[in-house]
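# Examination of the molecular architecture
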Amino acid sequence: NTGANKLDFWSRRSVEHRCTIGSESAECSTRVSVKNVAPDGLPRIVAGHPYGVLTSFLEVYVPDRAEISYVERDGRGAKHFEDRQDGHTTVGFDLTLKPGDQTTGGVGYDLPLDGGYSLEVMPQPLTHPASLEIGLELPEDWAAWGPGERDDGTFHHSGNLTQQPTVTAGPSDRSGLS
């Protein structure tokens, strides 16, 4: 929240991360949605001026080795900022949302792999946790470890982002009959 108000309490966030993983690279996308659910009747110290308008900055971190293939907002190319922080490329968007408005920022990228894949999702401390959905399409001979389950070649996890989930995947060590 970059506004002089308390409207971050009234924002709701969801994070969706998807990857199609091959033996040498992964094609990934991360989408973050922010919705302003500010109700009528809030005091001005909370709602700010103009009333209920959330001004914020949304930032998505991708691995430094990733090659960004697209950046979009609400399904269209978008003005954004790129930077480097702590071994990651950051892609950021300025947001201005009226009460009831929602926007989704998305980043697609290709990631070279060194024999395996790893995802670490770091939650931001919020009054209302973001929801998280992860979907990884894995090669047939790969296994995945972390919170979630595999079904028909896809590893899924969903829930509230209150902890720091880590998912790793790689070629299965199993041989013979399971």
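Look above for the structure.
Thresholds applied
- Residues numbered from 1 in each chain as written.
- Predicted model: local features only at pLDDT ≥ 70, side-chain atom pairs only at ≥ 80, totals over all residues.
- Heavy atoms only, no water.
- Helix = DSSP H or I, 4+ residues; strand = E, 2+ residues; numbered from the N terminus.
- Contact = heavy atoms within 4.5 Å.
- Buried < 20%, exposed > 50% of the residue type's maximum accessible area, 1.4 Å probe, protein only.
- Disulfide = S-S within 2.5 Å.
- Pairing = 2+ DSSP bridges.
- Axes fitted to C-alpha atoms, helices over the stretch in contact; angles between N-to-C directions.
- Phe/Tyr/Trp six-rings, centres within 6.5 Å; stacked < 30°, edge-to-face > 60°.

What follows deals with the side chain of N36. One can find N36 in strand β2 (residues 25-36). Among all residues touching N36, those that are not within four sequence positions of it are W10, G52, V53, L54, L97, K98, P99, G100 and D101.

What follows is about the environment of I21. Looking at where I21 falls in the secondary structure, it is placed in strand β1 (residues 11-21). For I21, a relative accessible area of 6% puts it in the buried group. When the C-alpha positions of I21 and L136 are compared, they lie 7.0 Å apart, and in sequence the two are 115 residues distant. Residue contacts for I21: discarding those within four places in its chain leaves A26, L113, Y117, L136, E137, L138, P139 and W142.

The full count for this structure, using the stated rule, is one disulfide. Disulfide pairing places C19 opposite C28 at an S-S distance of 2.0 Å. Here C19 and C28 share a disulfide; its torsion about the S-S bond, 110 degrees, makes the bridge right-handed. The exposure class of C19 is buried, given its relative accessible area of 2%.

We now examine the sheet that holds strand β9 (residues 117-120). Within the open sheet, the three strands sit side by side as β9-β14-β11. Their pairing is antiparallel. The open sheet has two free edges, formed respectively by β9 and β11 (142-145), since each of these has just one partner strand. Averaged over neighbouring strand pairs, the angle between their axes works out to 10 degrees when direction is ignored. Note that β9 and strand β14 (residues 166-171) share four bridges and pair antiparallel. Each residue of the ladder has a partner; that of S118, found in β14, is T168.

Considering all chains together, one arrives at two aromatic pairs under this definition. For the ring pair F9 and W10, a centre distance of 4.9 Å and an interplane angle of 80 degrees mean the geometry is edge-to-face. When its relative accessible area of 36% is taken as the criterion, F9 is described as partly exposed. The partly exposed category is assigned to W10, whose relative accessible area is 21%. Relative to F81, the ring of F57 lies with its centre 6.0 Å away and its plane at 45 degrees, an arrangement referred to as tilted. Pair noted here: F57 is in strand β3 (residues 54-63) and F81 is in strand β6 (residues 81-85), with a separation of 24 residues, a long-range link.

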